[in-house]
Amino acid sequence: MKILCIGRNYVKHAKELGNEVPKVPVFFMKPDSALLHKNQAFYIPDFSNNLQYEAEIVLKICRPAKHIEAKFAHRCYNEIGIGIDFTARDVQKLQKEKGLPWEIAKAFDNSAPLSKFLQKTDLPKHISFSLQKNGATVQQGNTADMLFSFDEIIAYLSQFVTLKIGDLIFTGTPAGVGQVNPGDRLTAYIEEQEMMNFQIK
Ligand code: ZN
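Here the residue numbers are simple positions, counted from 1 along each chain's written sequence. Residue-level local features of this predicted model are given only where pLDDT is at least 70; pairs of side-chain atoms are given and counted only at 80 or more, and the full residue set underlies all totals for whole chains, interfaces and linings. Heavy atoms from the whole structure form the basis of all side-chain values; hydrogens and water molecules are not counted.

A. Here's a closer look at helix H4 (residues 150–160). Exposure is judged per residue with a 1.4 Å probe applied to protein chains only, and the accessible area is read against the type maximum: over 50% gives exposed, under 20% gives buried, and values in between give partly exposed. Where helices and strands are cited, they refer to DSSP runs of H or I of at least four residues and of E of at least two residues respectively, numbered from the N terminus. Among all positions in H4, only Phe150, Ile153, Ile154, Ala155, Tyr156, Leu157 and Ser158 are buried. In this description, contact between two residues means that some pair of their heavy atoms is separated by no more than 4.5 Å. Contact partners of the buried residues in H4: strand S1 (3–7), strand S2 (26–30), strand S5 (55–61), strand S6 (77–84) and strand S11 (168–170).

Here it is in structure tokens:
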């Protein structure tokens, strides 16, 4: 399986990092070795001095998709979870300045902690989600604020990359990204439900 990630999908987040609001989805990928399951602790890698969380709604693909139209894209996912797109912001900044790919800052081992999944049919059309750091809310989002909807993302991605069963799509982070330090605890919620809770070491 593979992990596709959408960048700059919430206007306030794009602006907080000084980025333009994109006209088409920005995407990058993480390998399967990036997954971190079951509330396991995350160890800050030693190559970064500014490791940041980005809480994101995650879609799990349930049928193959290639060149799918947005109006049919809803058939391609049944389950929704929440994940963290951990980013070595200091490393990413250097890559951006040089116009180089972001993988070194985003695709490293365990850079994608992932929650359990909920059935799409059990969730409202517009999903609210949030992240707490040490019990204080640091990110709060609603998928109604996405620049590109789930269906538009799937339609776009499937023009370039065949989506397969089990693939994951991280759909972008709202404003409020920030640094983690050893000893921090992150708790992620969809609606009022605690989905994931793990420690930073
Ligand atoms: Zn992200």
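B. Summary view of the nonpolar core. Ile80, Phe86, Ile154, Ile169 and Ile190 are the most contacted members of the largest nonpolar core, which has 46 residues in total. Apart from residues no more than four positions distant in its own chain, Ile169 is found in contact with Leu4, Ile6, Ile57, Val58, Leu59, Ile61, Ile153, Ile154, Leu157 and Leu163. The set of buried Ala, Val, Leu, Ile, Met, Phe, Trp, Tyr and Cys residues whose side-chain atoms join them within 4.5 Å is what this entry labels a nonpolar core. With 12 residues, the next largest nonpolar core counts Cys5, Phe28, Phe117 and Leu168 among its residues.

C. Here's a closer look at the sheet that holds strand S4 (residues 51–53). The criterion for strand pairing is that DSSP finds at least two bridges linking the strands in question. Read from one edge of the open sheet, 3 strands run S7-S4-S12, paired in antiparallel fashion. Here the strands that pair on one side only, and so sit at the sheet edges, are strand S7 (87–88) and strand S12 (178–179). Across 2 bridges, S4 lies against S12 in antiparallel orientation. Residue Gln52 lies in a different strand from S12, and its bridge partner there is Gln179.

D. Looking closely at the environment of Gln119. One can find Gln119 in strand S8 (residues 112–119). Under the relative-accessibility criterion, Gln119 is labelled partly exposed at 38%. Separated by 84 residues in sequence, Gln119 and Leu35 place their C-alpha atoms 20 Å apart. Once residues lying within four places of it in the same chain are set aside, the contact partners of Gln119 are Asn78 and Glu79.

E. Seen up close, the pairing of S5. The buried fraction of S5 amounts to 6 of the 7 residues, a majority that puts the element mostly inside the structure. Note that S5 and S6 share 7 bridges and pair antiparallel. Opposite Ala55, over in S6, you have Ile84 as the bridge partner. Relative to S11, S5 runs antiparallel, the two sharing 3 bridges. Looking at S11, one finds that Val58 is bridged to Phe170.

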